[in-house]
Amino acid sequence: MQGPRWRQRRNSRVKVGLSAIVKRGGSALGCASVIGIGTRQTMTRFLGVMIVILTVLAGGVRAQVQEEVVWVQIEAHPSLATAQRRAQIYAGELADVNGFSLGSGWFGIMLGPYLRSDAEQVLRVYRAEGQIPRDSYIVRSAALRRQYWPPGEDLLNRGAITAPVAPAPAPQVGLAQPSVPADETPREARRNERLLSAQDRRDLQIALQWAGFYSAAIDGAFGAGTRRSMAAWQAANGFESTGVLTTSQRATLLEQYNAPLISAGMQRVRETRSGIEMDLPLSLVAFSRYETPFAHFDGSDEVGARVLLISQAGDQTTLFGLYDIMQTLEIVPMNGPRARTKDRFTLEGRDARIVSHTEVTLQDGEIKGFTLIWPVGDEERRQRVLAAMQQSFRRIDGVLDPAAGSDAEQSVDLVAGLQIRKPKLSRSGFFVDSTGTVVTSSAAVTACERITIDNDYEARVAAQDAGLGVAVLRPVDAMAPISVAGLSDTAPRLQSEVAVAGYSFEGVLGAPTLTFGKFADIRGLRGETELSRLALAAQPGDEGGPVLDTGGRVVGMLLPDPATAQQLPRDVSLAANATAIRNVLDEAGLRVGQGVEGASVLDPEDLGRLATGMTVLISCWE
């Protein structure tokens, strides 16, 4: 079972209340002495009255704590549909089943609402009878959000109801009553505790730390700090607070600690074709197929977890190539640390949907490792599953056959059955100086987490004129363009031939194409002097590309269609003219070359070569 875990010190309110009463009592005694109550008999009588008052008030404070309304959480799921189905199943067997959102995409199943004493009794009885999981626990109403089960109900903050189990017997005055009958006496518990190995003792400290009760060193030494944490855990789980865990209590603690792994169904898998043996969450994933270098274990339920076993023969060059390829895949989000040495690498990535962890090593000519893909919002269980996978990973003989999966579906968007990461959109741009500065459409670089030039070079926005629709990019690392745009100072003659160079199909072809047309007007549709109109049928991917005349001079930059309710004819396009582009560059402090006036007309092959050298693919990534 997963979900938020809440702990509290149940006696804090009692201590605070008694402290306040003692202070008030002190003041009363002071007043009594001032007004003349000084005889021993009178003072004795007065103190007796004060003790009675203190006892009654303290009992009232204790009653107030006991009257707190709480819930017994029995399960939590990251899928609302799963949680609703499980709540319906529980409702057929148990009373008072309710479901609430827990935040972060989790949905809890609760019993209640009960007074705390009743909730503790429900927890003990149902756990003992096996009707609810052993790691069920008590939560407060503050941990719960919108109710989803039963449909239409809203029981938050409406007070407690009667528990369906018999109340615990009232404690006898003067006797410390254990909340749960102990399976061992304190002496027996200590004797059995001495039989634990050093690792067993460290495991208990780790479990106490995970549960939020222990914060000191994991050293296996049960000192005062460990004893206090054990007593606190016992109190929170309805046991007598002795500070020494009995055999069954140790088992319960470890069951709680291992609950994330149990719910994930961690089991040992010996994958002989891949040459890998390790623990995998088989309740969440199942073997799907081989596609070298991966053995795919796809999600088997609504959680959406996935595992890849990585196995192939190779050397350092192969390892480094795999490192680069993995970072192009959707399963490895761009945000996250990367590390690579001569014989290993790790990749971590996180976005709004998934968290991904990959680790791979090269040893004796064999590259082996794994990738764990996990949904966001289940971080505690992900970390436990990942740690178990890391600790259990073992190489065995063999690597995956290079031909494995060769008959699988082929696609330019897939690598070994995995989707290549794609940008949000791709448009065109062109170099305007020898260091790689690029002019493009401002619409192409709006709301981008990352901008790239030709997929490989990261860029930053250096300047832009949103009204004109022109942006200037600077590459993070200097580039060496094959050719650079020369901006013309004069407009072409009306009806003369022009061409737009651009990635018409957003990079699918791997190189820019030329789209030919006519120079229709030196102004925009509403007479804008910074625009020109073209008789040319462009594609969205061409936006931001250079508009060239027959001599190879850049006379403008293709703009997107205006954002209006009207749809322009197919062969009408608009461009920012060269003078307006130069003004944007001047304001950014950039000086660019000028096209040679009167240059001869270039043949299509030379024009295409010039355009290809200056035109680049601009990609916007989320």
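Up top is the structure these notes are about.
Keep in mind that what you see is a predicted model, and the values were worked out from it rather than measured.

A.B. asks: How should I be thinking about unusual backbone geometry in this particular structure?
C.D. replies: Across residues other than glycine, the phi torsion is negative in most instances, and most of the peptide bonds are trans. Cis peptide bonds are those with omega within 30 degrees of zero, and the linkage from W149 to P150 qualifies with -10°. Residue position: P150 is located in the loop between β5 (147–149) and α5 (186–193). With omega at 10°, the peptide bond leading from T292 into P293 counts as cis. When you line up the elements, P293 lands in the loop between β8 (285–291) and β9 (294–299). Positive phi is not limited to glycine here, since N157 has a value of about 60°. Assignment of secondary structure puts N157 in the loop between β5 and α5. For N157, a relative accessible area of 71% corresponds to the exposed category. The phi dihedral of D454 is positive, around 50°, even though this residue is not glycine. Turning to its location among the elements, D454 is positioned in the loop between β20 (450–453) and β21 (457–465).

A.B. asks: When you look at the packing of aromatic side chains in this model, what are you seeing that I'm missing?
C.D. replies: One pair of aromatic rings is described through two measures. These are the centre distance and the angle between the planes. Taken as a whole and judged by the stated rule, the model has 8 aromatic pairs. An angle of 50° between the planes, with centres 4.7 Å apart, marks the rings of F287 and Y290 as tilted. With relative accessibility at 39%, the residue F287 sits in the partly exposed group. Given a relative accessible area of 15%, Y290 falls into the buried group. With a centroid separation of 6.1 Å and an interplanar angle of 40°, the aromatic rings of F370 and F393 are classed as tilted. In this pair, F370 sits in strand β14 (residues 366–375) while F393 sits in the loop between α10 (379–392) and β15 (394–395), placing the two residues 23 residues apart along the sequence. F370 gets classed as buried once you look at its relative accessible area, which sits at 1%. Owing to a relative accessible area of 23%, F393 belongs among the partly exposed residues under this scheme. In this arrangement the basic side chain of R273 is found over the ring face of Y290, its NZ or CZ atom lying 4.1 Å from the centre. Looking at R450, its charged tip hangs above the ring of W621, at a distance of 5.9 Å from the centre.

A.B. asks: What should I look at first to understand the sheet that holds strand β19 (residues 438–441) in this one?
C.D. replies: Strand pairing in a sheet takes place through backbone hydrogen bonds and is either antiparallel or parallel in direction. With antiparallel pairing, 6 strands are arranged side by side around a closed barrel as β18-β19-β22-β21-β20-β29. Within the sheet, the average angular offset between the axes of one strand and its neighbour, ignoring direction, is 40°. Bridge analysis of strand β18 (residues 425–431) against strand β29 (residues 615–621) gives 6 bridges, and the strand direction is antiparallel. Within β29, the residue paired with F430 across the bridge is T615. In the packing of helix α11 (residues 578–587) onto the sheet, the strands contacted are β18, β19, β21 and β22 (470–475), and the crossing angle to β22 comes to about 50°. Contacting β18 and β29, helix α12 (residues 604–614) crosses the sheet at an angle of about 35° to β29.

A.B. asks: Just checking my understanding: could you explain the pattern of salt bridges for this structure?
C.D. replies: Side-chain pairs of opposite charge can arise whenever the charged atoms involved come near each other. For the structure shown, the criterion picks out 25 salt bridges. For R450, the salt bridge goes to E458, with nearest N and O atoms at 3.6 Å. Bridged by salt links that share partners, the residues R268, R270, E277, D279 and R394 form one connected network.

A.B. asks: Is there a simple way to think about the nonpolar core in this case?
C.D. replies: It is characteristic of soluble globular proteins that their nonpolar side chains tend to be buried jointly. Within the largest apolar cluster, 26 residues are counted, with the highest numbers of intra-cluster contacts made by F430, V439, I581 and L585. Put simply, the parts of the chain that give this core at least two residues each are β22, β27 (554–558), α11 and α12. It is α11 that contributes the most residues to this core, 5 residues altogether. V285, F297, V307 and A404 belong to the second largest nonpolar core, which has 24 residues in total.

A.B. asks: I'm lost on a positive patch on the surface in this one. Help?
C.D. replies: Taken together, the side chains of R187, R190, R191 and R194 make up a positively charged region of the molecular surface. Along the chain, R190 turns up in helix α5. In this structure R190 comes out as partly exposed when scored by relative accessible area, which is 41%.

A.B. asks: How should the state of the cysteines be read in this particular structure?
C.D. replies: Note on terminology: disulfide describes a covalent bond linking the sulfur atoms of two cysteines. As enumerated under the stated definition, the model contains 1 disulfide in all. The residue that forms a disulfide with C448 is C620, at a sulfur-sulfur distance of 1.9 Å. In this structure the cystine formed by C448 and C620 twists about its S-S bond by roughly -115°; its chirality is therefore left-handed. Placement of the pair is C448 in the loop between β19 and β20 and C620 in strand β29, with a sequence separation of 172 residues. By relative accessible area, which is 0% here, C620 ends up buried.

A.B. asks: Please explain the environment of L111 as it appears in this structure.
C.D. replies: Inspection of the secondary structure assignment puts L111 in strand β3 (residues 106–115). Sequence spacing of L111 and W71 is 40 residues, and the spatial spacing of their C-alpha atoms is 5.7 Å. Other than its neighbours up to four places away in sequence, L111 contacts W71, V72, I74, L94, A95, D96, V97, V122, Y126 and I132.

A.B. asks: Would you mind showing me how to read the packing of helix α6 (residues 198–210) against helix α8 (residues 247–264) here?
C.D. replies: A pair of packed helices can be characterised by two numbers: the angle between their axes and the separation between those axes. Contact geometry for α6 and α8: axes closest at 9 Å, N-to-C directions at 60°. Viewed along their axes, α6 and α8 adopt a mutual orientation that is oblique. For α6 against α8, the interelement crossing comes out left-handed. Contacts from D203, L204, I206, A207, L208 and W210 in α6 reach R250, L253, L254, Q256, Y257 and P260 in α8.

A.B. asks: It is not clear to me how the packing of α8 against α10 should be interpreted in this structure. Could you clarify?
C.D. replies: Where α8 meets α10, the axes come as close as 9 Å, and the angle between the chain directions of the two elements is 80°. Relative to α10, the element α8 is oriented roughly perpendicular. Listed contacts from α10 to Y257, N258, P260, L261, S263 and A264 of α8 are E380, R381, R384, V385 and A388. In the contact of α8 with α10, the residues fall into 6 nonpolar, 2 polar and 3 charged.

A.B. asks: Mind showing me how you'd approach helix α7 (residues 224–236) here?
C.D. replies: The end-to-end C-alpha separation of α7 is 18 Å, in line with the 18 Å expected for 13 residues at 1.5 Å each. Residues of α7 that are buried include every one of T226, R227, S229, M230, A231, W233, Q234 and A235, and no others. For α7, the secondary structure elements touched by its buried residues are α5, α6 and α8. At the exit of α7 stands G238, carrying a positive phi of roughly 80°.

Conventions adopted
Residues numbered from 1 in each chain as written. Predicted model: local features only at pLDDT ≥ 70, side-chain atom pairs only at ≥ 80, totals over all residues. Heavy atoms only, no water. Helix = DSSP H or I, 4+ residues; strand = E, 2+ residues; numbered from the N terminus. Buried < 20%, exposed > 50% of the residue type's maximum accessible area, 1.4 Å probe, protein only. Phe/Tyr/Trp six-rings, centres within 6.5 Å; stacked < 30°, edge-to-face > 60°. Lys NZ or Arg CZ within 6 Å of the ring centre and 35° of its normal. Pairing = 2+ DSSP bridges. Axes fitted to C-alpha atoms, helices over the stretch in contact; angles between N-to-C directions. Contact = heavy atoms within 4.5 Å. Salt bridge = Lys/Arg side-chain N within 4 Å of Asp/Glu carboxyl O. Core = buried A, V, L, I, M, F, W, Y, C linked by side-chain atoms within 4.5 Å. Patch = residues over 30% accessible without salt bridge, like charges linked within 9 Å, V, L, I, M, F, W, Y side chains within 5 Å. Areas by Shrake-Rupley, 256 points an atom, 1.4 Å probe, with all protein chains shown as cover. Lys, Arg positive; Asp, Glu negative; His and termini not counted. Charge placed at Lys NZ, Arg CZ, Asp CG, Glu CD. Disulfide = S-S within 2.5 Å. Parallel < 35°, antiparallel > 145°, perpendicular 65-115°, else oblique. Left-handed = near helix turned anticlockwise from the far one by under 90°. Nonpolar A, V, L, I, M, F, W, Y, C, P; charged D, E, K, R; others polar. Expected span 1.5 Å × (residues − 1).

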